[in-house]
Amino acid sequence: MSYRTTRSFPTVTLDDVRGAQKMLLGVSRVTAMEGSRHLSQLVGAPVHLKCENLQRTGSFKLRGAYVRIAGLLPEERAAGVVAASAGNHAQGVALASALLGVRSTVFMPVGAPLPKVAATRDYGAEVRLRGQVVDETLAAAQDYARETGAVFIHPFDHPDVVAGQGTVGLEILEQCPEVRTIVVGVGGGGLAAGIAVAVKSLRPDVRLVGVQAAGSAAYVPSLAAGRPVSIEHPATMADGIKVGRPGDVPFPIIEELVDRIVTVSEDDLSSALLLCLERAKMVVEPAGASPVAALLSDPRAFEGPVVALLSGGNVDPLLTQRVLRHGMAAAGRYLSLRLRLTDRPGALATLLGVLSEVDANVLDVRHVRTDPRLGLTEAEVELQLETKGPEHCAEVGAALRDAGYTVIG
């Protein structure tokens, strides 16, 4: 592919994205576009979900990885490729390499979720576990590239990768030609930049909104400074957008073409993941749910019809369990209480009867009878309850107080 240059970095054109789309025929899926009645009611306009969580390998990453590796020279292919990733990019590179007959080595952090490590191996890559954090893993992969001559495949900072991810934008315009706003999660920026090139070239009237986790929002200070700026210690459950510095290639594209960058909290992400599972019947990872989180946090800020991109669905089952519980708490569906009661026979049964009368589902009970903080006739009970929402939580608390219980926390 040929690229024009901006600020000394190659940038991507609509022709590049269209070329990538031809290259991906029969490789990547044209993923489904599903309507969401619940989100449409909140936003006050039609909302559609672009389901890249149903893409091969479970995320959009296959698109960019395949285009990048397919564009290598014969001698580069012979040297093999290497990547560093905790999940989605690893699987994209592994499958793309297998399809193209290229040897791949993928470095992953020592603590990477076992299902992601297993999937990467199953797609054909040699997996090497190095480093406790992704930065250490990245350094190990780059050392390997220098030592062996293998081509390092960056997850977002290359024009071929951006062009491949931009094919999502072409599909959105084909599937939802009436779209007015596209909402997409932003980490390093490869996906948002590719979509921006494709969409703004054909439909400059469509608004593009990028979403970052508040604890990992490197684009906010970078756009203010007019150049990529690093942030220290990015922190979020959304590993797919947990990036400390924008890419040099995608940054100028996003600066020019993306209309707005918004941030979402961890509570927003948890609530969005829960909504995707319950209402849309979609298994989505936190990064993939970030556009839905943005819609939930400020639903009237988006002109419809809206397309929210579910970018991936590779979530560790243990993380899913924790995040769903967090999401239930954020939505007022999960209530933790600690209270004192008189230590006498039948006291716990009486308490549970009060909760039954207000239809609170008891998930767990911890009954403490021996503790220096307690009087001789006192006991303390810790309860984990499933409730129906904030109003029901208030009803439960009122019922306990009316029954004479002291709620401590």
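Rules behind the numbers
Residues numbered from 1 in each chain as written. Predicted model: local features only at pLDDT ≥ 70, side-chain atom pairs only at ≥ 80, totals over all residues. Heavy atoms only, no water. Helix = DSSP H or I, 4+ residues; strand = E, 2+ residues; numbered from the N terminus. Buried < 20%, exposed > 50% of the residue type's maximum accessible area, 1.4 Å probe, protein only. Contact = heavy atoms within 4.5 Å. Areas by Shrake-Rupley, 256 points an atom, 1.4 Å probe, with all protein chains shown as cover. Lys, Arg positive; Asp, Glu negative; His and termini not counted. Charge placed at Lys NZ, Arg CZ, Asp CG, Glu CD. Pairing = 2+ DSSP bridges. Axes fitted to C-alpha atoms, helices over the stretch in contact; angles between N-to-C directions. Salt bridge = Lys/Arg side-chain N within 4 Å of Asp/Glu carboxyl O. Right-handed = clockwise from strand over helix to strand, strands pointing away.

Visitor: Let's hear about the overall build of the protein: which residues, and what values?
Guide: Each helix and strand in the protein was counted, giving 16 helices and 16 strands. Each principal axis of the C-alpha atoms in the protein carries an extent, and together these give about 80 × 50 × 40 Å. Residues counted as buried form 54% of the 409 residues belonging to the protein. If you take every contact in the protein between residues at least 6 apart in sequence, the share linking residues at least 24 apart comes to 71%. Accessible surface for the protein amounts to roughly 17500 Å². Of this, 51% is attributable to carbon and sulfur atoms. One way to put it: in the protein the 40 positive side-chain charges average out to a point 2 Å from where the 44 negative ones average out.

Visitor: Lay out the pairing of strand β15 (residues 378–386) with the relevant residues and their values.
Guide: Sheet topology places strand β13 (residues 334–342) next to β15; nine bridges connect them, and they run antiparallel. From the neighbouring strand, T342 faces β15, where its bridge partner is E378. Sheet topology places strand β14 (residues 361–368) next to β15; seven bridges connect them, and they run antiparallel. Looking at the pairing, D364 lines up with Q384 of β15.

Visitor: I'd like a description of the sheet that holds strand β4 (residues 47–51), backed by residues and values.
Guide: Strands pair in a sheet through their backbones, by hydrogen bonds, and they do so in one of two ways: parallel or antiparallel. Pairing is mixed in the open sheet, where six strands are placed in the order β3-β4-β12-β9-β10-β11. If you trace the sheet from one side to the other, it starts and ends with β3 (33–35) and β11 (260–264), each paired once. Strand after strand, the sheet turns through a mean of 25° between neighbouring axes, direction not considered. Examined bridge by bridge, strand β9 (residues 181–185) and strand β12 (residues 306–310) share three bridges and lie parallel to one another. Residue pairing in the sheet places I182 in a bridge with V307 of β12. With respect to the sheet, helix α12 (residues 266–278) is in contact with β10 (207–213), β11 and β12, its orientation differing from that of β11 by roughly 90°. Contacts between helix α13 (residues 290–297) and the sheet are confined to β4, β9, β10, β11 and β12, with β9 contributing the most and set at about 120° to the helix.

Visitor: Quick rundown of the pattern of salt bridges? Include the residues and the values.
Guide: For the coordinates displayed, the defined rule picks out 12 salt bridges. One salt bridge in this structure joins R128 and E126, with 2.9 Å as the shortest N-O distance. On the accessibility criterion, R128 (26% relative accessible area) is partly exposed. Taking relative accessible area as the criterion, E126 reaches 39% and is therefore assigned partly exposed. A salt bridge links K388 to D359, with the nearest nitrogen and oxygen atoms 2.5 Å apart.

Visitor: Could you give me a rundown of the pairing of strand β6 (residues 104–108), with the residues and numbers involved?
Guide: For β6, the buried fraction is high: five of the five residues fall into the buried class. Residues of β6 alternate between two faces, with S104, V106 and M108 on one and T105 and F107 on the opposite face, all of them buried. Where strand β5 (residues 81–84) lies against β6, four bridges are found, and the strand directions are parallel. Within the sheet, the bridge partner assigned to A84 lies in β6 and is F107. Looking at chain direction, β6 and strand β7 (residues 126–129) are connected through four bridges and run parallel. Looking across to β7, one finds that T105 is bridged to E126. Each parallel crossover has a hand, and the one from β6 via helix α6 (residues 114–122) to β7 is right-handed.

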